[in-house]
Amino acid sequence: MNKFALKPGFRAAVIGGAGGIGLAIVKELRGLGAEVSATGISEAEIKACEIDGDVRFSVLDVTNGAAVSAYAEETGPVDLLVNCAGILRRDEEYELDVFRQVLEVNLIGTMAICLAFREGLAERKGSIVNIASMNAFAALPRLPGYCASKGGVVMLTRSLALAWAAEGIRVNAVAPGFIETNINAEGRKDEAHYQKIADRTAFKRWGQPDDVTGTVAYLAMPAAAYVTGAVYAVDGGFLAG
Ligand code: NAI
């Protein structure tokens with residue numbers, strides 16, 4: 001057995017798979033031979049995805065419980081579930097409704113998806129990778145909801161890892177640093193801010209979606225069979241010093 005490969009017939013679902021990091025993960029998994037289902041928030045977002053080969057894309061809002069159940073049902077059992085849907089609302093998260101909405105998508109949405117896929121993951125002895133954030137550990141003052149939600153995703157990951165190990169389900173998280181995607185497109189317009197962040201990393205650059213995908217794939221491989229409840233930083237050394 002090649003420990004650094006996905007097993008034959010590997011099936012994955014990537015929630016938020018039409019976004020910047022999500023689509024890169026979809027492509028990585030496809031390249032490794034996986035059968036991939038993925039979701040976007042709208043037909044328009046899905047249509048904009050440039051992808052070669054066969055990926056089943058569906059529209060899904062993770063805050064819609066009935067839609068989440070239906071999506072898990074039609075997708076069936078998977079070997080890997082990636083939770084990559086997420087939002088932030090810079091400066092607006094001090095309004096309680098907005099704060100609640102961010103928690104609803106990033107944290108409660110992650111839990112809802114994990115619950116919906118649990119049985120199928122147990123059947124295939126699969127694993128979950130939750131996309132958390134560096135902001136689970138280093139807070140930003142303009143994003144109280146986002147930071148709280150990502151801290152929650154880290155602890156949710158650890159709790160589910162303990163709870164579901166007996167069913168053969170591994171649960172891990174990846175905590176990206178600053179990666180160039182739509183989620184931070186507005187903030188990147190400020191050149192001084194952009195450069196300040198680049199300079200703070202060991203590599204003196206922002207990350208690209210492709211920088212995140214290898215760690216996600218590794219966590220789904222037999223090489224990571226003893227890894228659960230772990231949070232892998234992919235932040236270019238931002239938090240190293
Ligand atoms: P993105 O904005 O390109 O992707 C976010 C995805 O979430 C989109 O596909 C969007 O449609 C989906 N989404 C939003 N609301 C949803 C809902 N209610 N239901 C279902 N899907 C929904 O941004 P990016 O950067 O690719 O974000 C992916 C994940 O990575 C997010 O969880 C984000 O918090 C996380 N992350 C991103 C970082 C970055 O610097 N770009 C850093 C750390 C974490």
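Residues numbered from 1 in each chain as written. Predicted model: local features only at pLDDT ≥ 70, side-chain atom pairs only at ≥ 80, totals over all residues. Heavy atoms only, no water.

Colleague: Report on the pattern of salt bridges, specifying residues and quantitative values.
Modeller: On inspection of all chains with the given rule, the structure shows 10 salt bridges. One salt bridge in this structure joins R205 and D211, with 2.9 Å as the shortest N-O distance. Each of K7, D79 and R124 takes part in a single network of salt bridges with overlapping partners. (Salt bridge = Lys/Arg side-chain N within 4 Å of Asp/Glu carboxyl O.)

Colleague: Tell me about the side chain of S37, and please be specific about residues and values.
Modeller: Topologically, S37 is positioned in strand β2 (residues 35–40). At a separation of 3.4 Å, a polar atom in the side chain of S37 contacts the side chain of R56. (Helix = DSSP H or I, 4+ residues; strand = E, 2+ residues; numbered from the N terminus. Polar contact = N/O pair within 3.5 Å; in protein donor to acceptor, adjacent residues only side chain to side chain.)

Colleague: Would you mind going over the layout of surface pockets in detail, with residue names and values included?
Modeller: What the second largest pocket holds in volume is close to 190 Å³. K7, F10, D79, R124, K125, G126, S127, R170, A220, M221, P222 and A225 together form the lining of the second largest pocket. When grouped by side-chain class, the residues that make up the lining of the second largest pocket number five nonpolar, two polar and five charged. (1 Å grid on protein atoms, 1.4 Å probe; cavity = no way out; pocket = protein on both sides within 12 Å on 5 of 7 lines; lining within 4 Å. Points joined across faces, edges and corners; volume = space filled by probe spheres on them. Nonpolar A, V, L, I, M, F, W, Y, C, P; charged D, E, K, R; others polar.)

Colleague: Give me the lowdown on the site of the ligand, citing residues and values where you can.
Modeller: Around the ligand lies a shell of 27 residues, among which G20, I21, Y146, I179 and T181 are the nearest. For the ligand, an oxygen atom lies 2.6 Å from a polar atom in the side chain of Y146. Within the side chain of N184, an N or O atom sits 3.1 Å from an oxygen atom of the ligand. Coverage of the ligand by the protein chains reaches 93% of its 810 Å² of free accessible surface. (Near = heavy atom within 4 Å. Areas by Shrake-Rupley, 256 points an atom, 1.4 Å probe, with all protein chains shown as cover.)

Colleague: So what's going on with the side chain of D235? Residues and values would help.
Modeller: Residue placement: D235 occurs in the segment after β7 (231–234). As a buried residue without a salt bridge, D235 has its nearest oppositely charged side chain in R200, at a separation of 7.6 Å. From its side chain, D235 meets the backbone nitrogen of L239 in a polar contact 3.2 Å long. Residue contacts for D235: discarding those within four places in its chain leaves M134, P176, G177 and T201. (Buried < 20%, exposed > 50% of the residue type's maximum accessible area, 1.4 Å probe, protein only. Lys, Arg positive; Asp, Glu negative; His and termini not counted. Contact = heavy atoms within 4.5 Å.)

Colleague: Provide a residue-level description of the sheet that holds β2, including the pertinent values.
Modeller: The seven strands are arranged β3-β2-β1-β4-β5-β6-β7 in an open sheet whose pairing can be described as parallel. What marks the edges here is a single partner per strand, and that holds for β3 (55–59) and β7. Each adjacent strand pair in this sheet contributes to an overall mean axis angle of 15°, direction not counted. As paired elements, strand β5 (residues 127–131) and strand β6 (residues 170–176) share five bridges and run parallel to each other. Its bridge partner lying in β6, V129 is registered against N172. Strand contacts of helix α1 (residues 20–31): β1 (11–15), β2, β3, β4 (80–83), β5 and β6, with the helix running at about 170° to β1, the strand carrying the most contacts. Taken strand by strand, helix α4 (residues 96–124) contacts β1, β4 and β5, and its axis lies near 170° from that of β4. (Pairing = 2+ DSSP bridges. Axes fitted to C-alpha atoms, helices over the stretch in contact; angles between N-to-C directions.)

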